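Residue-level structure breakdown
Below, each chain spelled out in residue letters.
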Amino acid sequence: MEPFASPLTAKFAHPRPLPSNYLPAISPMASSYRNQFPFRPASQSFSLPWMPNTYYKTAALKPTLAAFSQSPQGITESKKLPSISSRTSFFNRYTPDDWYKTNHTNYKESEAARNNAEHLRCDNSRIVHEKYQQTRKTQLESTRNLGVRVNDIEFWKSELLHELDEMIGETNALTDVKNRLERALAETEAPLQVAQECLRHREKRMGIDLVRDDVEKQLFTEVDVIRSCQERMQQDLDKAKAQLGTNRAAQHELEKDLANKQVAHRIDDQCHHLRNYSQGIHYYRGVERVDATISVPESWARFTNDNILRSQSVRAASAKLRDDTESLLVVTANEMWRQFNRVNVAFTNRIAETADAKSRIQTHLAKTLREIFEVEKNIETIRKAIKDQGPPLKVAQTRLDERTRRPNMELCRDTAQLRLVNEVRNIDGTLQSLQQRLRHTEDALQTLVRTKAVLQHDLAVKTNSLFIDQEKCMGMRKTFPTTARLLSPI
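Residues numbered from 1 in each chain as written. Predicted model: local features only at pLDDT ≥ 70, side-chain atom pairs only at ≥ 80, totals over all residues. Heavy atoms only, no water.

Quick look at the environment of V461
Put simply, the rule reads: Helix and strand definitions follow DSSP, with helices as H or I runs of at least four residues and strands as E runs of at least two, each counted in order from the N terminus. Contact between two residues is taken to exist if any of their heavy atoms lie within 4.5 Å; hydrogens are not considered.
Mapped onto the elements, V461 comes out in helix α8 (residues 415–476). As for V461 and G207, which are separated by 254 residues in sequence, their C-alpha atoms are 6.8 Å apart. In contact with V461, not counting residues within four places along its chain, are M206 and D209.

Below, the structure is given as structure tokens:
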């Protein structure tokens, strides 16, 4: 194996053999330099670069003979041929046939060398032309392939840009919905606290009004509805946060792929526009043996296509979650609003009932007070009547007592006596009857007084219940957020 970039030695079809011995020259001139300078094969030099103009320059030099030396190097006096004057006999000479044969052989060898060189030159010209055309065709094919590659990169880059824009828009839309959901979830805390505060206030009702009425049932229902809505909102909020993370991961993959495509497009476009006369082209020996590729066109296109399909799938899931969240906001707002209205209606009805009961109690209390006044007057009348029966009874009893002092037969049971006895008995009966009536009336008065106390206590209870329901509870329930506030994007 010859070293790279080393000159090649020419190989001829009929190489000239080297003579094994040196014959004496035929002519005196030939004899002079052949004897003085024996033939030695020139060693090949491998230090010349593989450039044709070097050989042309070398061939352009005119060969010259070395200066004649009386004592050539390497030849001793004993080895020198004796001169003609000193020779005693002539050496054997070549025959004319040898001379003609030698010349003829030289002519043939020269003609063969010229023919070989001419054939080699034609072959070299043909090979040079063929290699030029092959290199030009290969370069055109590489340029065309680079152009196709640039077009493929531009196509996938446009697809990535479109999908990236869609994903960014979807992420922004989902972020807006998430923010609205967070605000709606925060808005539900106020009505929940109002409902719980109403329940605590209603625990301060007194007496018989501390009843589990429809208002209390609706308030408990409202608390359950709000907590249920909060749980669903929190679940969707967690899903939205997780989906946003998935969206950003898909967006990051798209952006990374797009950045790689942009770098590859810049490099391949630069390579596509490189020409033989372009600046910045250099030799990079051995670069063709470096294989840094990690994909083939099929896996390369499939990678970007999978990223786009994954992004589309994530975007579809995000859009569905966003629609579900929008629906949840509307549903929860309507549920809480309807229950809020039910509680308000129950409060209104209960307040009306309590106010009516309070009005009736006030009416009955007024009547009771008037009746107490009348009964007290009646008691005074009875007492006066009892007191008025005292003098007649005294008169009748005094008469009877005085008539007991009549002497003997004068103690007659006459009509006057009988009448006085009946009169005393009648007055005693009247007094007993009046006393009994007085006791009954006083009992009735006590009943009326107790009734008055009950009515007054019940009136205080109703007044307290009205104050709790109408002033405290209904006063707080005016701060409940409307559906517009729950669904507002701001």
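Following the structure, the description resumes.
Considering the environment of N341
Quick reminder of the rule: Each residue is placed in one exposure class: buried if its accessible area under a 1.4 Å probe, protein chains only, is under 20% of its type's maximum, exposed if it is over 50%, and partly exposed if it falls in between.
Its place among the elements puts N341 in helix α6 (residues 297–388). A relative accessible area of 31% places N341 in the partly exposed class. With 119 residues separating them in the primary sequence, N341 and E222 have C-alpha atoms 10.0 Å apart.

Here we look at the packing of α6 against α8
The condition that has to hold: Only the contacting stretch of a helix is used when fitting its axis, a line to C-alpha atoms as for every element, and angles between N-to-C directions run 0 to 180 degrees. Our angle categories are set so that under 35 degrees counts as roughly parallel, over 145 as roughly antiparallel, 65 to 115 as roughly perpendicular, and the remainder as oblique. Should the near helix be turned counterclockwise from the far one by less than a right angle, the crossing is left-handed, whereas a clockwise turn marks it as right-handed.
Close contact between α6 and α8 brings their axes to 7 Å; oriented N to C, the two are set at 160°. On the basis of their axis angle, the class for α6 and α8 is roughly antiparallel. Remark: the crossing between α6 and α8 carries left-handed chirality.

What about the state of the cysteines?
Think of a disulfide as a covalent bridge from one cysteine sulfur atom to another cysteine sulfur atom. Short version of the rule: To count as a disulfide, a pair of cysteine sulfur atoms needs to be within 2.5 Å.
Under the defined criterion, the tally for this structure stands at zero disulfides. Between C198, a cysteine without a disulfide, and C473, which holds the nearest cysteine sulfur, the sulfur-to-sulfur distance is 3.8 Å. Classification of C198 as buried rests on a relative accessible area of 0%.

Remarks on the nonpolar core
Soluble globular proteins: nonpolar side chains tend toward being buried together. The criterion, for reference: For the purposes of this section, nonpolar cores are sets of buried Ala, Val, Leu, Ile, Met, Phe, Trp, Tyr and Cys residues that join through side-chain atoms within 4.5 Å.
Grouped together as the largest cluster of nonpolar side chains are 23 residues, with contacts concentrated most on C198, L219, M233 and F347. If you list the elements that add at least two residues to this core, you get α3 (96–187), α4 (189–202), α5 (214–272), α6 and α8. If one sorts the elements of this core by residue count, α5 sits on top with seven residues. Ranked by size, the runner-up nonpolar core spans 16 residues in total, among them L393, L420, I427 and L431.

Observations concerning helix α7 (residues 390–403)
The criterion, for reference: Each helix should span, by expectation, one fewer than its residue count multiplied by 1.5 Å. Arc, as used here, means the arc of the directions from the helix axis to the C-beta atoms.
Here α7 spans 20 Å end to end across 14 residues, near enough to the 20 Å set by a 1.5 Å rise per residue. If you check which residues of α7 are buried, you get L393, A396, L400 and R403. Down the axis of α7, the smallest arc covering the buried residues is 100°, so these residues share one side. Where α7 is buried, its residues contact α8.

Some points on the pattern of salt bridges
The test is simple: We define a salt bridge as a side-chain nitrogen of Lys or Arg found within 4 Å of a carboxyl oxygen belonging to Asp or Glu.
Per the counting criterion, the structure on display carries 31 salt bridges. Salt bridges sharing partners connect three or more residues here, namely R202, R205, R212, D213, E216, R350, E353 and D469.

Notes on unusual backbone geometry
Here N408, not a glycine, exhibits a phi torsion of approximately 45°, which is positive. Relative to the helices and strands, N408 resides in the loop between α7 and α8.

Topic: the packing of aromatic side chains
How two aromatic rings sit relative to each other is given by the distance of their centres and the angle of their planes. Rules: Ring pairs shown here join Phe, Tyr and Trp side chains whose ring centres sit within 6.5 Å, with only the six-membered ring taken for Trp; geometry is labelled stacked below 30 degrees between planes, edge-to-face above 60, and tilted in between. By definition, being over a ring means that NZ of Lys or CZ of Arg is both within 6 Å of the ring centre and within 35 degrees of the ring normal.
According to the stated counting rule, one finds three aromatic pairs in the structure shown. Aromatic pair W99 and Y100: ring centres 4.8 Å apart, planes at 75°, arrangement edge-to-face. Judged by relative accessible area, which is 41%, W99 ranks as partly exposed. Seen in terms of ring centroids, F155 and W156 are 5.1 Å apart; in terms of plane orientation they differ by 70°. Their pairing is edge-to-face. With relative accessibility at 42%, the residue F155 sits in the partly exposed group. Geometry around W300 places R149 over its ring, the cationic atom sitting 3.7 Å from the centre. Over the ring of Y283 we find R285; its NZ or CZ atom is 5.5 Å from the centre of that ring.

Keep in mind these numbers describe shape, not what the thing actually does.
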